[in-house]
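Observations on the model geometry
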Amino acid sequence: MITFDHVTKRFDDGTVGVDDLTLEVPEGEVVVLVGPSGCGKTTTMRMINRMIQPTGGTLTVDGQDVMTVSPPQLRRRIGYVIQQVGLFPHRTIAENIATVPELVGWDKARTQERVKTLMATVGLPDSVANRYPHQLSGGQRQRVGVARALAVDPPIMLMDEPFGAVDPIVRSRLQDEFLRLQLQVRKTIVFVTHDIDEAIRMGDRIAILSEGGKLEQYDDPERLLADPANEFVADFLGAERGLKRLALIPVSEVSAEPGPVVSPDDDRGNAAEVARSYGTDWVVVVDEQRRLRGWVSLHELDGRIADANLRQFALSVESTDSLRAALNAMVTSRTGVAVRLSEGGLYEGIITQELVSKEIR
Amino acid sequence: MIHAAGVVAQVVDTEWIGRHLDDVRTYTLEHLLLTGLAVGIGFVVAFPVALLVQRYPRLYGPVLGLAGVLFTIPSLALFVGIIPFTGIGIATPLTPLVVYTLLILVRNTVEGLRSVPSDVVEAAEAMGYSRRRRLLRVELPLATPVIIAGLRIATVSTIGLVTITVLIGWGGVGRFFLDGFARRFATPLLLGIALSVLLSVVADFSLLALQRLATPWARGRR
Ligand SMILES: Nc1ncnc2c1ncn2[C@@H]1O[C@H](COP(=O)(O)OP(=O)(O)O)[C@@H](O)[C@H]1O
Ligand SMILES: [Mg+2]
């Protein structure tokens with residue numbers, strides 16, 4: 001656990017980088033520091049490993065005041081990843097990853113073993129072990145940076161815009177891998193970004209900072225989006241705050257409606273009645289095994305449903321998908337609803353726009 | 001080309017050279033000794049100064065200013081002017097030679113250290129390197145190409161300057177010049193020049209080879 005207790009950093013030239021920050025980073029969680037450029041994110045992060053010395057307040061790591069630990073000692077327990085990666089250009093990939101093990105005096109065999117494991121963990125092929133950093137792609141270098149920071153399995157990781165220098169596709173993949181990795185390793189992570197979407201995606205909690213390192217709000221992503229503390233936070237979250245929030249809520253949070261369901265054996269008469277009671281001009285066709293057959297508009301129906309030309313829902317959702325995915329399914333279907341299927345592909349019901357907006361209101 | 005070669009053949013007395021091979025050897029060794037000592041001592045002085053400047057960047061201006069002033073003293077004046085202080089020993093040619101290397105060596109060593117990317121230095125710091133270890137294991141290895149580039153310039157310019165010390169009783173292969181001037185005889189003059197150029201080229205290539213050996217990571221990079 002990392003605690004900031006009224007921590008302030010005033011630089012020699014009088015600039016206040018961080019102003020009276022009180023914040024707790026719980027064990028095993030990802031806390032994202034987010035805010036506009038120059039608001040003090042990096043300063044906040046670097047005070048944790050004393051690359052920047054606080055000028056006021058108390059900062060503790062696992063209960064220990066950082067000012068009482070020698071910087072090299074402190075830093076070897078704290079992994080560090082930055083945007084520019086900062087790999088050592090004169091050392092091979094394996095040597096880069098072995099940096100901290102070597103510093104703390106691991107023997108050769110143990111180090112080699114660890115390097116091998118880590119390369120696999122971050123998805124680097126064995127073949128790059130003896131290459132130099134300039135021979136790798138940007139995404140690969142970023143992975144080396146993460147592996148190097150994880151080398152001695154430090155309980156804490158500091159990550160300063162770690163995926164900022166790679167293209168959006170690679171970034172998205174690295175984010176996914178990072179989240180999967182974090183599920184296994186459960187590090188206490190301070191993650192800095194200026195990108196609110198990345199913050200929402202990565203953070204268990206988000207600290208929004210404004211100019212001068214002032215903490216505007218500290219909450220989990222959903223509460224932040226649901227209830228911004230002030231105008232600054234609302235502005236920073238952006239106009240699509242509602243949509244971003246939908247991305248965080250699973251479909252299972254709303255109870256699906258049964259929907260205007262008919263069976264293939266029904267005819268136009270049954271269908272019209274079902275549709276009328278639902279206020280629609282279409283019906284969903286579901287067979288005896290609860291398998292979804294499609295939907296059909298009353299205007300295109302005469303006689304038996306089984307003989308009708310059924311239309312398919314292009315998209316469907318499951319309980320673990322987000323409401324944003326459900327909304328997307330709605331706007332891409334002429335029916336204006338999303339169908340929810342079970343994991344086995346059986347029909348569970350429909351989700352309407354009313355259900356969704358009721359949830360986020 | 002053929003014409004020039006013909007002229008050289010006419011003015012160069014190969015027989016004379018054959019009779020003076022011993023001189024060629026002694027003068028060359030003296031040249032190498034003076035150059036090696038000058039650049040070596042120059043580096044031993046410049047290196048700590050450069051580290052100090054790296055640590056306290058405010059010193060850079062004054063230090064470069066001083067080295068620059070020393071560099072602009074006319075060489076002849078310095079060589080002759082120093083005799084009353086240093087006598088006739090090897091210190092007399094060596095002191096000015098060392099002084100002239102300082103500007104280049106200090107500047108290149110500082111620039112070499114400054115050329116290390118700041119994200120690399122920061123990463124080293126964040127990994128838990130002490131200042132000393134970071135200097136030895138990260139900054140100096142990465143500064144090596146620029147530092148050796150400085151040694152190459154200093155060495156080549158010192159090899160040229162050594163010939164001038166003939167005026168104060170030294171001179172390396174420059175001693176042939178005196179012979180040539182005294183007797184209005186072209187062969188020793190041309191021999192001195194050729195040897196001096198040859199020494200420069202060999203020294204430069206050796207240092208280049210050393211640089212490539214010392215920086216295996218940079219191979220095939222450019
Ligand atoms: N060494 C320093 N000296 C003076 N001011 C600094 C120093 N480092 C950062 N600052 C200032 O502190 C503020 C916060 O910087 P930083 O933490 O790097 O912002 P962020 O990472 O959020 O972009 C900025 O105004 C920056 O100019
Ligand atoms: Mg920053």
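Calculation criteria
- Residues numbered from 1 in each chain as written.
- Chains lettered and ligands numbered in written order.
- Predicted model: local features only at pLDDT ≥ 70, side-chain atom pairs only at ≥ 80, totals over all residues.
- Heavy atoms only, no water.
- Helix = DSSP H or I, 4+ residues; strand = E, 2+ residues; numbered from the N terminus.
- Contact = heavy atoms within 4.5 Å.
- Domains from an automatic or database assignment.
- Buried area = accessible area lost by both parts, 1.4 Å probe.
- Salt bridge = Lys/Arg side-chain N within 4 Å of Asp/Glu carboxyl O.
- Polar contact = N/O pair within 3.5 Å; in protein donor to acceptor, adjacent residues only side chain to side chain.
- Nonpolar A, V, L, I, M, F, W, Y, C, P; charged D, E, K, R; others polar.
- Pairing = 2+ DSSP bridges.
- Axes fitted to C-alpha atoms, helices over the stretch in contact; angles between N-to-C directions.

For S342 of chain A, the position within the fold is in the loop between strand 15 (338-341) and strand 16 (347-351). Not counting chain neighbours up to four residues away, the residues in contact with S342 of chain A comprise E318 and E348 of chain A.

Right, let's talk about the domain arrangement of chain A for a bit. Residues and elements named next belong to chain A. Here chain A is described as being made up of domain 1 (2-249) and domain 2 (252-360). Averaged C-alpha coordinates put domain 1 and domain 2 at centres separated by 44 Å. Listed as interface residues are seven residues of domain 1 and, on the opposing side, nine residues of domain 2. Around 740 Å² of area is buried between domain 1 and domain 2 when both sides are counted, 69% of it from carbon and sulfur atoms. Run the count over domain 1 and domain 2 and you get zero salt bridges. Counting every contact that joins domain 1 to domain 2 gives three residue pairs in polar contact (both at pLDDT 80 or more).

Here we come to the interface of chain A and chain B. It is common to give the size of an interface as the accessible area that goes away when the parts come together. Residue-level contacts link 24 residues of chain A with 18 residues of chain B. Summing both partners gives a buried area of about 2100 Å² for chain A against chain B, and 60% of it is carried by carbon and sulfur. For chain A, the biggest contributors to the area lost against chain B are H90, L103 and H134 of chain A; these three give 26% of the whole. Across the contact surface, chain A and chain B share three salt bridges. Here E122 of chain B ties to R46 of chain A by a salt bridge, and the two come within 2.6 Å at their closest N and O atoms. Joining chain A to chain B, the criterion identifies nine residue pairs in polar contact (both at pLDDT 80 or more). Of all the secondary-structure elements, those providing two or more residues to the side of chain A that touches chain B are helix 2 (71-76), strand 6 (78-82) and helix 4 (99-103) of chain A. With four residues, the single largest contributor to the side of chain A that touches chain B is helix 4 of chain A. In terms of residue class, the side of chain A that touches chain B is built from twelve nonpolar, six polar and six charged.

What follows covers the sheet that holds strand 13 (residues 292-297) of chain A. Residue and element names in this part refer to chain A. The strand order across the open sheet built from three strands is 11-12-13, with neighbouring strands paired in mixed fashion. Only two strands of the sheet have a single partner each, and these edge strands are strand 11 (261-262) and strand 13. Of the strand pairs in this sheet, strand 12 (residues 282-286) and strand 13 are connected by five bridges, and their pairing is antiparallel. Among the inter-strand pairings, V286 is bridged to a residue of strand 13, identified as L292. Helix 12 (residues 268-278) rests against strand 11 and strand 12 of the sheet, and its axis sits at about 115° to strand 12.

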